[in-house]
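Per-entry structural report
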Amino acid sequence: MSVSSIIPAATDRVRRREIFGWAMFDFANQAYTLLIITVVFGELFTTVIVGDRGDGYRLANLLWSLALALSFVLVVVTGPLCGAVMDYRAEKKRFLFASYVATIATTAMLYFVEPGYVVMGFVLIILSNYAYSMGESFIAAFLPGLGPSDKLGAISGFGWALGYVGGLVAAGFTLAVLGEATADNFERIRWVGPFAAGFFLVAAIPTFLWLKERAEPQPLRQRFSQIAWQRISLTFHELKSFRDLGLFLISVLFSMAGVYIIIAFAFIYGAQVIGWQENTRNLMFIIVQITAAAGALGFGFIQDRIGTLVTYLLTLVLWVLAILAIWATPEVTAWLNATWGLDWQAEQLFLFVGCLAGLSLGSSQSASRVMVGLFSPRQKAAEFFGFWGLANKLAGIVGIVGLGLLQAAVGLKASILLCAAFFIIAIILCAGVNQRRGQQVAGDWEAKREAEA
């Protein structure tokens, strides 16, 4: 099987090479998500740079959650404004490049964060995660122009799957060369920042070579700030007509609140609650990346057949089951050992739970990205994806701060159930979303604007 046969079919305007270039940004930025936020630097920050100050890492976990939340506040404030300017001036690619450079620079500087340098680490995580998160919205805004609506699921799923392959490559190097996130190994593991930055720098080059900006810029007659606020005000007014999109974005807020908790705390949970050994942690690296890639790719093709909304709801149900399994792992392990005479450790069962979480991880995010693409007129894609980014990062604030405060009161294990509550709320909200109606509204808006032009 050739590589080109794996890439979803293109259209007359879009070549497979351009779809591959777009997807390579997911491949590239996964090194940041996985190595800095999910696994290595998050654990390094909480257990080594801040450390256990006699409180079971509760202060460290709270500072980590606050740093991420503050970065999301910046996205909430600036994301829709940037989206409005990008649509007006057809500058999605330029904004994407700026976020790319900023992410690389601030991530590389994490090398200088040593044990006790809490403020420096705190600030650099805010800046690097802000730049990364903005780029996430900017690259998503290209999706509606990459293919017809019945192909967007496969295209988005391909991007997420390729992203997890990128994470697997990055994790493989980290495991083989840099080692574990401990104080004894600090001089080697501190290179995780420069490595993640270098990986992003090189792997995203195809994006900027092959991805095209097809929109036409409108004449600049006002300051960017005036353009942005006028378009944002108009979009807020028009969102009344995009009822399904608005309700879906509220659902995304709750579902992504749960996802962000898992991204930020899953491996911290493994270290602090499950008490896993290094080899189990390394296996979880690999398992989550493989199952997440399989879930994103598989569900991407499935959603083009059964519908994106149905697929999204299915992934949320899987998430609820995964969270309950994460919470119950120690007790289930003890029950299995007592009932069946086994000698399992909680960390062994936790690996099976990781498979379920991995399948949910990529597929749920990919489906939500496609839904926004289906509900967005192409002339307002960057702007609407700016609101998608806003919903995502508001979710990060709600989820991570909520988890941080809750775990400070009751501990990390009990507070993980907050994720399940968020996913259940997201499922309930989607009861009022109609995919066909939402797509029709977007199509009618496009037709009306083209007739007026």
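Residues numbered from 1 in each chain as written. Predicted model: local features only at pLDDT ≥ 70, side-chain atom pairs only at ≥ 80, totals over all residues. Heavy atoms only, no water.

1. Some thoughts on the overall build of the chain
A tally of regular secondary structure across the chain gives 19 helices and zero strands. The C-alpha atoms of the chain give a radius of gyration of 21 Å, which matches the 22 Å a tight globule of 453 residues would have. On the principal axes, the C-alpha backbone points of the chain span a range of 70 × 50 × 45 Å. Put simply, the chain has 31 plus and 28 minus side-chain charges, and the middle of one group is 9 Å from the middle of the other. (Helix = DSSP H or I, 4+ residues; strand = E, 2+ residues; numbered from the N terminus. Rg over C-alpha atoms; globule rule 2.2 N^0.38 Å. Lys, Arg positive; Asp, Glu negative; His and termini not counted. Charge placed at Lys NZ, Arg CZ, Asp CG, Glu CD.)

2. Description of the pattern of salt bridges
Should the charged atoms of two oppositely charged side chains come close, the side chains can pair. Tallied over the entire structure, the rule returns eight salt bridges. A salt bridge links R190 to E187; the shortest N-O distance between them is 3.1 Å. A cluster of three or more residues bridged by salt bridges with shared partners is formed by E114, E187 and R190. (Salt bridge = Lys/Arg side-chain N within 4 Å of Asp/Glu carboxyl O.)

3. Details of the environment of L175
Relative to the assigned elements, L175 resides in helix α7 (residues 152-178). With relative accessibility at 21%, the residue L175 sits in the partly exposed group. Separated by 57 residues in sequence, L175 and V118 have C-alpha atoms that sit 25 Å apart. Leaving out residues up to four positions away in the same chain, L175 has contacts with N282 and F285. (Buried < 20%, exposed > 50% of the residue type's maximum accessible area, 1.4 Å probe, protein only. Contact = heavy atoms within 4.5 Å.)

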